[in-house]
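# A closer look at the structure
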Amino acid sequence: MSESQTSVELPVIDISQPLSPSSLSSLSLACKEWGFFHITNHGVSKELYMKLYTLSNHLFSIPLESKMRLGPFSSIRTYTPHFIASPLFESLRVPGPDFFASAQSSAEVLFDPPSS
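Counting restarts for each chain: residues are numbered from 1 in the order of the written sequence. Local features in a predicted model are, by the rule used here, given only for residues with pLDDT of at least 70; side-chain atom pairs are given and counted only at 80 or more, and totals for whole chains, interfaces and linings are based on all residues. Calculated side-chain values reflect all of the structure's heavy atoms, with hydrogen atoms and water omitted.

Time to look at the overall build of the chain. Secondary structure elements follow DSSP: runs of H or I of four or more residues count as helices, runs of E of two or more count as strands, with numbering from the N terminus. Within the chain one finds 4 helices and 2 strands. Working definition: with a 1.4 Å probe on protein chains only, accessible area under 20% of the residue-type maximum means buried, over 50% means exposed, and in between means partly exposed. Considering the chain as a whole, with its 116 residues, one finds that 12% of them fall into the buried category. Residues are treated as being in contact if the distance between any of their heavy atoms lies within 4.5 Å. For the chain, restricting intrachain contacts to residue pairs at least 6 apart in sequence, the fraction spanning at least 24 positions comes to 65%. Carbon and sulfur atoms make up 61% of the accessible area of the chain, which totals about 10,200 Å². In these tables, accessible area is a Shrake-Rupley quantity obtained with a 1.4 Å probe, and a residue counts as shielded only by the protein chains included in the view.

Here a pair means two rings of Phe, Tyr or Trp (six-membered ring of Trp) with centres within 6.5 Å. Their orientation is stacked below 30 degrees between planes, edge-to-face above 60, and tilted elsewhere. In the structure shown here, the tally under the stated rule is 2 aromatic pairs. Relative to phenylalanine 36, the ring of tryptophan 34 has its centre 6.3 Å away and its plane inclined at 70°; by these criteria the two rings are edge-to-face. According to the relative accessible area criterion, tryptophan 34 is partly exposed, its value standing at 33%. Residues tyrosine 49 and tyrosine 53 carry aromatic rings whose centres are separated by 6.1 Å and whose planes lie at 25° to one another, so their mutual orientation is stacked.

This paragraph deals with a nonpolar patch on the surface. Surface patches are defined over residues having more than 30% relative accessible area and no salt bridge, joining like charges when they lie within 9 Å and nonpolar side chains (Val, Leu, Ile, Met, Phe, Trp, Tyr) when within 5 Å. Salt bridges are identified by distance alone: a Lys or Arg side-chain nitrogen within 4 Å of an Asp or Glu carboxyl oxygen. Residues Val44, Leu48, Tyr49, Met50, Leu52, Tyr53 and Leu55 make up a contiguous nonpolar surface patch of roughly 660 Å² in combined accessible area. Within the fold, methionine 50 resides in helix H2 (residues 46-60).

Checked against the element boundaries, serine 23 lands in helix H1 (residues 21-33). On the basis of relative accessibility, which here comes to 19%, the residue serine 23 falls in the buried class. Polar contact is the term for a pair of N or O atoms within 3.5 Å; when the atoms are in protein, one must be able to donate a hydrogen and the other to accept it, and sequence-neighboring residues count only if both atoms are side-chain atoms. Separated by 2.7 Å, the side chain of serine 23 and the backbone nitrogen of serine 20 make a polar contact.

Not every positive phi belongs to a glycine, and asparagine 41 is a case in point at roughly 55°. Looking at where asparagine 41 falls in the secondary structure, it is placed in the loop between strand S2 (38-40) and H2.

The next subject is H1. Because each turn of an α-helix spans 3.6 residues, side chains separated by three or four positions end up pointing in the same direction. End to end, H1 covers 18 Å across 13 residues, agreeing with the expected 18 Å (1.5 Å per residue, within 8%). Positive backbone phi, approximately 90°, marks glycine 35, located one or two places after H1. The span you would expect from a helix comes to 1.5 Å times its residue count less one.

Before going further, it helps to spend a moment on the environment of leucine 19. Tracing the sequence through the fold places leucine 19 in the loop between strand S1 (12-14) and H1. Ignoring sequence-local partners within four residues, the contact set of leucine 19 consists of Ile13, Asp14 and Leu24.

Remember, this is a structural readout, not a statement about activity or role.
Here's what the structure looks like:
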């Protein structure tokens, strides 16, 4: 490693056991200092991970002009929540817009070719 590079260790959060107060503190610190972290023992299969990775690459490779059709000045009704509540925490669920309809209309704009 050259002198201009520094070695850093990404915070690792093991979720194989219920989160303890100390692991929650570590998670909070990782979010504040790093903005991201590495989760281990999460149970997500390699197959699902690869599928999500492929879909993410596809989404991020969409041309900017296509993505901008869904931007803040778009006439298409889409919704971006201020936060995403986890289905694991029922108390965080709040009534709101139809996420499926929003995602479906967004997908139509992004992935369906325009009609002539």
